[in-house]
Amino acid sequence: MKWRGRQGSSNIEDRRGRRTAQAGGLGIFGLLALWAIGSFLGVDVSSLMNSGSVPGQATSTSTTLTAEDQAAGEFVSVTLADTEQVWATVLAREANRTYRPATLVLFKGTTQSPCGNASGATGPFYCPADRKVYLDTDFFTTMERQMGARGDFAAAYVVAHEVAHHVQNELGILPQANAARQRMSKVESNRVSVMIELQADCFSGIWARYVSEKLGTLEEGDIQEAINAAKQIGDDMIQRNAGRRPMPHTFTHGTSEQRQRWFAKGYQNPRLDQCDTFNGQQL
């Protein structure tokens, strides 16, 4: 991915280096960490995963940003700028509306949000309450070393996926789906959660197609990096990596095959109406 030297976004809130306290709240990519911890300790962590929070306190001290931290911040800023350009175009053309960009919060260690406190263990997440994406860029290292999701475009896909949740919020899809989940059984709620996540993957595919064709910043192998990342974060893959038998009724994000397929669908058919996971016959 060609990102160095390009214009970044102004919608970055950099909290790195601040003193923070208390960690909690489960992000999309924090699932792998929880399953691994539970497997190692012989503890059933399903209740934590379902509740979306991890009890307890965690403290951190202020830190000095390294050159790697600075580069990661610049990379995220450029990627965010790309999402802003793409979604401004798509929403104006297909939804006749102005795109209001999300703010992306960079943090290191822990930080607070209206959706719960965030830490490196929770992974990136989008909080609709303040319309912000929360990201500790150290997670990119976790992706590469522990999850087998390598490459800068795999990291860009993470950013694009969280921004896609903001797009869902802008379109009114996310609040409607979450309101419906409150009236459902746990199994039904999990299924709607899968629909939300797969649509975000499809939206990420739309973003990737525009980045490829309109911005011309992709390099050979970039799309495969994103598809591989989608594979590594499938619910079935995460549960297997934790030494467990996949349990479909507990899935909240979709299988590896589903996540790859919906990303590919968005890339191959880059239109919002092609990403309707809620009314499709097959997830």
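Procedures and definitions
- Residues numbered from 1 in each chain as written.
- Predicted model: local features only at pLDDT ≥ 70, side-chain atom pairs only at ≥ 80, totals over all residues.
- Heavy atoms only, no water.
- UniProt positions renumbered as here; feature names shortened; annotations may be inferred.
- Helix = DSSP H or I, 4+ residues; strand = E, 2+ residues; numbered from the N terminus.
- Buried < 20%, exposed > 50% of the residue type's maximum accessible area, 1.4 Å probe, protein only.
- Contact = heavy atoms within 4.5 Å.
- Areas by Shrake-Rupley, 256 points an atom, 1.4 Å probe, with all protein chains shown as cover.
- Axes fitted to C-alpha atoms, helices over the stretch in contact; angles between N-to-C directions.
- Left-handed = near helix turned anticlockwise from the far one by under 90°.
- Nonpolar A, V, L, I, M, F, W, Y, C, P; charged D, E, K, R; others polar.
- Phe/Tyr/Trp six-rings, centres within 6.5 Å; stacked < 30°, edge-to-face > 60°.
- Lys NZ or Arg CZ within 6 Å of the ring centre and 35° of its normal.
- Pairing = 2+ DSSP bridges.
- Arc of directions from axis to C-beta.
- Expected span 1.5 Å × (residues − 1).
- Core = buried A, V, L, I, M, F, W, Y, C linked by side-chain atoms within 4.5 Å.

As recorded in an unreviewed UniProt entry, the protein chain goes by the name Membrane protein, listed as coming from Paramylibacter ulvae. Of the comments in the UniProt record for the protein chain, the one headed Subcellular location (unreviewed entry) reads "Membrane".

### Digging into the overall build of the protein chain
On a plain count of helices and strands, the protein chain comes out with ten helices and six strands. Out of the 283 residues in the protein chain, the part that is buried amounts to 52%. Long-range pairs, those at least 24 residues apart, make up 76% of the contacts in the protein chain with a sequence separation of at least 6. Accessible area of the protein chain: about 12700 Å², with a carbon and sulfur share of 47%.

### Describing the packing of helix H5 (residues 152–170) against helix H7 (residues 186–215)
When two helices pack together, you describe them by how their axes are tilted relative to each other and by the distance separating the axes. Put simply, H5 and H7 touch, their axes get as near as 8 Å, and they point 115° apart. Viewed along their axes, H5 and H7 form a crossing whose handedness is right-handed. Of the residues in H7, those touching H5 at Phe 153, Ala 156, Tyr 157, Ala 160, His 161, Ala 164, His 165, Val 167 and Gln 168 are Ile 196, Glu 197, Gln 199, Ala 200, Asp 201, Phe 203, Ser 204, Trp 207 and Ala 208. Considering only residue class, the contact of H5 with H7 consists of eleven nonpolar, five polar and two charged.

### Considering the packing of aromatic side chains
The full count for this structure, using the stated rule, is six aromatic pairs. Through a chain of ring-to-ring contacts, three or more aromatic side chains come together here, namely Trp 3, Phe 75 and Phe 140. Positioned above the aromatic ring of Tyr 267, the side-chain terminus of Arg 209 is 5.7 Å from the ring centre.

### Observations regarding the sheet that holds strand S1 (residues 12–14)
The four strands lie next to each other as S1-S2-S6-S5, forming an open sheet whose pairing is mixed. With one partner strand each, in any of the chains shown, S1 and strand S5 (125–127) form the two edges of the open sheet. Neighbour to neighbour, the strand axes of the sheet diverge by 25° on average, direction disregarded. H5 rests against strand S2 (103–106), S5 and strand S6 (132–135) of the sheet, and its axis sits at about 25° to S5.

### Examining helix H6 (residues 173–181)
For H6, the full list of buried residues reads Leu 174, Ala 177 and Ala 180. Buried residues of H6, viewed axially, fall in a sector of 130°; they line one side. Summarising the contacts, the buried residues of H6 are in contact with S5, H5 and H7.

### Quick look at H5
Spanning 19 residues, H5 covers 27 Å between terminal C-alpha atoms, matching the ideal 27 Å at 1.5 Å per step. With respect to burial, H5 is a largely interior element, 18 of its 19 residues being buried. Phi turns positive, to about 85°, at Gly 172, one or two residues after H5.

### A short note on the nonpolar core
In this structure, Trp 87, Phe 140, Met 143, Phe 153 and Trp 207 are the most contacted members of the largest nonpolar core, which totals 60 residues. Apart from residues no more than four positions distant in its own chain, Phe 140 is found in contact with Phe 75, Val 76, Leu 135, Ala 155, Val 158 and Val 159. In terms of nonpolar packing, the next biggest core, distinct from the first, is built from six residues, Val 105, Phe 125, Cys 127 and Tyr 134 among them.

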